[in-house]
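An overview of the molecular structure
These are the residues of each chain, in order.
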Amino acid sequence: MSNKVSPEFDVIITALKEEKVIAYPTEAVFGLGCDPDSETAVNRLLLLKNRPWEKGLILISDSYERLYSYVNDEQLDDEQKKTVFSFWPGPVTWVIPAKVTTPKWLTGKFSKLAVRVTDHPLVKQLCSLYEKPLVSTSANLSGLEPCRSAEEVRRQFGNDFPVLEGEIGGRKNPSEIRDALTGKLYRQG
């Protein structure tokens, strides 16, 4: 198996390393993402979205193991973990207690972090190649509908915006969001 990265992934990974915001297809819409460990990149994303930092963000990953350094899953009992894992990989985002070391630019005003293990093949490949989860929020400017194609991303963000080409999954609605401790539904999927 070759370690060579396709030119398109190489461009996107370079943009992530340069602390830029990128767009990529997810299960229902295109997402905007960046390196979760870069305060500079997250601030660029928040500014682009006109989103207050207090709301917190979602991390998307190809595996739960990549999320270990952000979430404190020791606060989940076996039954809660079983419930979370029964929905992954897939389009359900779980709010899990964050580690005290998780940056506030990710958690916002909360002590928990929203995370998802995706089943979208391109996002899985991107996270695997980048060896990190990504920040994930819908690709749209404030007040506009979320983008469902690379062309829509370019119309809203410009032709030079780094976009991972590909098709979105077949879902109509953004991911469902639930609390892993209580099961509370925050957003219907």
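The shown structure was predicted, so the numbers you read here are calculated from the model rather than taken from an experiment.

**With respect to helix α5 (residues 121-130)**
Buried within α5 we find Val-123, Leu-126, Cys-127 and Tyr-130. Angular distribution of buried residues about the axis of α5 spans 95 degrees; they occupy a single face of the element. Along its buried surface, α5 packs onto α1 (7-17), β1 (22-25), β3 (58-61) and β6 (134-138). Just beyond α5, the residue with positive phi is Glu-131, at close to 65 degrees.

**Thoughts on the environment of Val-71**
Along the chain, Val-71 falls in the loop between β3 and α3 (78-86). A residue is classified by how much of its surface remains accessible, and Val-71, at 2% relative accessible area, is buried. A C-alpha to C-alpha distance of 16 Å links Val-71 and Thr-118, two positions 47 residues apart in sequence. Apart from residues lying up to four places away in sequence, Val-71 is in contact with Tyr-64, Ile-96, Pro-97, Ala-98, Lys-99, Leu-113 and Val-115.

**Re the UniProt feature "domain: YrdC-like" (unreviewed entry) in the protein**
Mapped onto this numbering, the UniProt entry gives "domain: YrdC-like" (unreviewed entry) at residues 6-189. Helix and strand shares over residues 6-189 are 29% and 20% respectively, and the end C-alpha atoms of the span are 33 Å apart.

**A short note on the sheet that holds strand β5 (residues 112-117)**
Reading across from one edge, β1-β2-β6-β3-β5-β4-β7-β8 is the order of the eight strands in this open sheet, with mixed pairing throughout. The open sheet has two edge strands with one neighbour each: β1 and β8 (185-187). Pairs of neighbouring strands in the sheet enclose a mean axial angle of 40 degrees, with direction left out of account. Of the strand pairs in this sheet, β3 and β5 are connected by four bridges, and their pairing is parallel. Along β5, the bridge assignment pairs Ser-61 with Val-117.

Reading guide: rules and limits
Residues numbered from 1 in each chain as written. Predicted model: local features only at pLDDT ≥ 70, side-chain atom pairs only at ≥ 80, totals over all residues. Heavy atoms only, no water. Buried < 20%, exposed > 50% of the residue type's maximum accessible area, 1.4 Å probe, protein only. Helix = DSSP H or I, 4+ residues; strand = E, 2+ residues; numbered from the N terminus. Arc of directions from axis to C-beta. Contact = heavy atoms within 4.5 Å. UniProt positions renumbered as here; feature names shortened; annotations may be inferred. Pairing = 2+ DSSP bridges. Axes fitted to C-alpha atoms, helices over the stretch in contact; angles between N-to-C directions.

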